[in-house]
Amino acid sequence: MSVPDKATSSRKAVGIDLGTTFCAIAHIDAYGKPQIIPNSESERITPSVILFDGTNAIVGTLAKQNAVAEPEKIVDFVKREMGKSKAQFHREFNGKIYSAEELSALIIKKLKNDAERYLGEPVTDAVITVPAYFNDAERTATLHAGQLAGLNVLQVINEPTAAALAYGLDKLDSDQTVFVFDLGGGTFDVTIMKIENHHIRMMASNGDHRLGGKDWDDIIVNWVADEFDKIHGENPLLDLQSYQDLYNRALTAKIQLSSRTRTTIVHSYNGKSVKLDLTRDEYENRCRHLLEKCKTICEIVMQEAGLQWSQIDRILLTGGMTRMPSVRDMIKAISNVPVADDVSPDEAVAIGAAVQGVLSLLSEEDKLGERVLPQEVRDQFSSEDGSLIKVTNITTHTLGVVLWDDGKVEEYVFPMIRKMTPVPVETKNSFGTAKANMKNAIVRVVEGESTVPGECTPLGICDIELPPFLPKGSPVELTYSYNENQVLEVIVDAYGRQNRVQIARNTGLSDSEIETATADLLQIKVV
Ligand code: AMP
């Protein structure tokens, strides 16, 4: 997180919803009203698709339209790869290897460039959203993507928190509990938020970041491919071009079935073709298991929050997939709670992020003791006593440390910060060294709900050298500090020595790597 060093007057903050399939960008106008910023194609959302064309990166609809003609030059669904190291995921174009955060940076650059053109001023700062269920590495990668695109990232916030901010902005005087159901192109997130006394507080959250619209698309793709194979004895998915073509047809069919009860899919490959009818009922049957997964996650989050559906006042639907009738019917059937109809599923998250951006700038104004944003803007985001709207998030994973259990003679995970703890948070604990004469205290930081180290995800290591000849059980103090962006800092203290490590896991680009990558990305023209 770069600390802003510029005066607030020369800054313009935007909110960015960096979606798996679509992105949106919003700002707060001079009257304090949130507005979506259209892209240079005059669209309110931009497909998260990149087409590499020589030294140009074409982002958005044009790239998406070319997916069939030039599938080898296309990158999509990058969000699903965020947090992976270059070794785990990369794409190569023109001899350059791109990581997931660099690819995302190109998408953000397109949004930034178009916003600057539209607003007629430079965009300096941004709040970027992530699924609540994103872990540390995925959040850090998102933060870096924003920085690589040349933005000062004020905060990385949860998508459901942003949706609740967008929804709650004009309802802050009426206390209510809202259930945010966010089913996007690639991720599913459910979160319970409480709006109380101008304070928006996250109560519980769960999700599956590999469940989204793409899984519904794949059902049609695989069904058509199977039918094609049965009729012609050939698999049309083996050819990249044919796959992209079928994928686009499946997407269109899925969207049609949200407003029509039947559709027809035609697919041709290698001079052969199929023409298949699909009814909404049949499609819903084929996708039943996906909806069941969503239902189970909704029930789990209600249990985690210790709430009954009767205690929920509103359901907020975000993510394009919530336009699907079966998704709406399922949530209505299990909850019997009214759905808020004044939020746009595609725009609420970006708008909420823009609100958070202005809140961050306003609180910086307060810290610096200077007022540059118009009073109308401040009024929109303050309660009657003049205090700013407050937003509190919670942790969505337990952060622990691996310790040695002498009794059981095995390692176990001690939870330092438990899941569902409000952030920012700092916890301290003192532990004894496992053996006499230990040369180093090595803290292994893990994330997960199990006490078995092998069942948790390793996040990183923080170690210090110890003085010689210490007896077994000598105290080592450990501090976990989790900031508002849900990025973890671990501090180990013993005998006047200290080591402080920001856990950035395998994505961890160093400051110099960010600088180099930013310079590299400047060579690419983003259109
Ligand atoms: P998001 O990432 O929130 O933009 O969600 C996009 C997902 O919603 C993609 O999988 C789209 O195919 C899907 N989607 C958008 N509109 C509709 C619709 N009318 N019916 C069904 N799915 C839709």
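Just so we're clear, the structure is a prediction, and the values are computed from it rather than from any experiment.

**Q** If you had to explain the side chain of Asp-217 to someone new, which residues and values would you point to?
**A** Within the secondary structure, Asp-217 is located in helix α5 (residues 213–232). Reaching out from Asp-217, the side chain makes a polar contact with the side chain of Tyr-247 at a distance of 2.6 Å. Setting aside its immediate chain neighbours within four residues, Asp-217 contacts Tyr-247, Ala-250, Leu-251, Lys-254 and Tyr-283.

**Q** An account of the sheet that holds strand β26 (residues 488–494) is requested, with residue identities and associated values reported.
**A** Judged by pairing direction, the sheet is antiparallel, and its 4 strands sit side by side in the order β22-β25-β26-β27 without closing on themselves. Each having just a single partner strand, β22 (425–432) and β27 (497–503) make up the two edges of the open sheet. Sheet twist, expressed as the average angle between the axes of neighbouring strands with direction ignored, equals 15 degrees.

**Q** Describe in detail the packing of aromatic side chains, supporting the description with residues and values.
**A** According to the stated counting rule, one finds 9 aromatic pairs in the structure shown. Consider the rings of Phe-77 and Tyr-247, whose centres lie 6.4 Å apart with planes at 90 degrees: the pair is edge-to-face. With Phe-77 in the loop between β7 (74–75) and β8 (91–93) and Tyr-247 in helix α6 (residues 240–259), the pair connects residues that are 170 residues apart, well separated along the chain. No difference in accessibility class separates Phe-77 from Tyr-247, as the two residues are buried. Among the aromatic side chains, those forming a connected cluster through ring pairs are Phe-52, Phe-93 and Tyr-98. Positioned above the aromatic ring of Tyr-98 is the side chain of Lys-96, whose terminal nitrogen or guanidinium carbon lies 4.9 Å from the ring centre.

**Q** Run through the site of the ligand, naming residues and quoting values.
**A** Near the ligand you find 13 residues, and of these Thr-21, Gly-185, Lys-254, Ser-258 and Met-321 are the closest. For the ligand, a nitrogen atom lies 2.6 Å from a polar atom in the side chain of Ser-258. With 4 residues, α6 is the largest single contributor of residues to the shell around the ligand. Among the residues forming the shell around the ligand, the class breakdown is 4 nonpolar, 7 polar and 2 charged.

**Q** Help me get a handle on the nonpolar core, residues and values and all.
**A** Ranked by internal contacts, the top residues of the largest apolar core, which has 52 residues, are Phe-179, Phe-181, Trp-216 and Trp-309. Split by domain, the residues of this core number at least three in each of domain 1 (13–177 + 336–392) and domain 2 (213–286). The residues touching Trp-309, leaving out its near neighbours within four places in the chain, are Phe-179, Cys-298, Met-302, Ile-315, Ile-331, Ile-334, Ser-335 and Val-337. Core analysis: the next-biggest nonpolar cluster, separate from the first, contains 43 residues, Val-59, Ala-100, Leu-148 and Val-526 among them.

**Q** An account of the packing of α5 against helix α8 (residues 288–305) is requested, with residue identities and associated values reported.
**A** Between α5 and α8, whose axes approach to 10 Å, the crossing angle comes to 165 degrees. Put simply, α5 runs roughly antiparallel to α8. Here the hand of the crossing between α5 and α8 comes out right-handed. Along its contact with α5, which presents Asp-215, Trp-216 and Ile-219, the element α8 presents His-289, Leu-290, Leu-291 and Cys-294.

**Q** Lay out the sheet that holds strand β13 (residues 188–196) with the relevant residues and their values.
**A** Judged by pairing direction, the sheet is mixed, and its 6 strands sit side by side in the order β17-β12-β13-β14-β18-β21 without closing on themselves. With one partner strand each, in any of the chains shown, β17 (314–318) and β21 (422–423) form the two edges of the open sheet. Bridging between β13 and strand β14 (residues 199–208) involves 9 bridges; their strand directions are antiparallel. Of the residues in β14, the one forming a bridge with Glu-196 is His-199. Contacting β12 (176–183), β13, β14, β17 and β18 (390–394), helix α4 (residues 159–168) runs over the sheet at an angle of about 45 degrees to β13.

**Q** For the pattern of salt bridges, give the residues involved together with the corresponding values.
**A** Scanning the model with the defined rule gives 29 salt bridges in all. Of the charged contacts, one joins Asp-125 and Arg-11 as a salt bridge, the two residues approaching to 2.7 Å between their closest N and O atoms. In this pair, Asp-125 is assigned in strand β10 (residues 125–130) and Arg-11 in the segment before β1 (13–18), connecting sequence segments 114 residues apart. In this structure, Glu-102 engages Lys-96 in a salt bridge whose closest nitrogen and oxygen atoms are separated by 3.7 Å.

About the criteria used
- Residues numbered from 1 in each chain as written.
- Predicted model: local features only at pLDDT ≥ 70, side-chain atom pairs only at ≥ 80, totals over all residues.
- Heavy atoms only, no water.
- Helix = DSSP H or I, 4+ residues; strand = E, 2+ residues; numbered from the N terminus.
- Polar contact = N/O pair within 3.5 Å; in protein donor to acceptor, adjacent residues only side chain to side chain.
- Contact = heavy atoms within 4.5 Å.
- Pairing = 2+ DSSP bridges.
- Axes fitted to C-alpha atoms, helices over the stretch in contact; angles between N-to-C directions.
- Phe/Tyr/Trp six-rings, centres within 6.5 Å; stacked < 30°, edge-to-face > 60°.
- Buried < 20%, exposed > 50% of the residue type's maximum accessible area, 1.4 Å probe, protein only.
- Lys NZ or Arg CZ within 6 Å of the ring centre and 35° of its normal.
- Near = heavy atom within 4 Å.
- Nonpolar A, V, L, I, M, F, W, Y, C, P; charged D, E, K, R; others polar.
- Core = buried A, V, L, I, M, F, W, Y, C linked by side-chain atoms within 4.5 Å.
- Domains from an automatic or database assignment.
- Parallel < 35°, antiparallel > 145°, perpendicular 65-115°, else oblique.
- Left-handed = near helix turned anticlockwise from the far one by under 90°.
- Salt bridge = Lys/Arg side-chain N within 4 Å of Asp/Glu carboxyl O.

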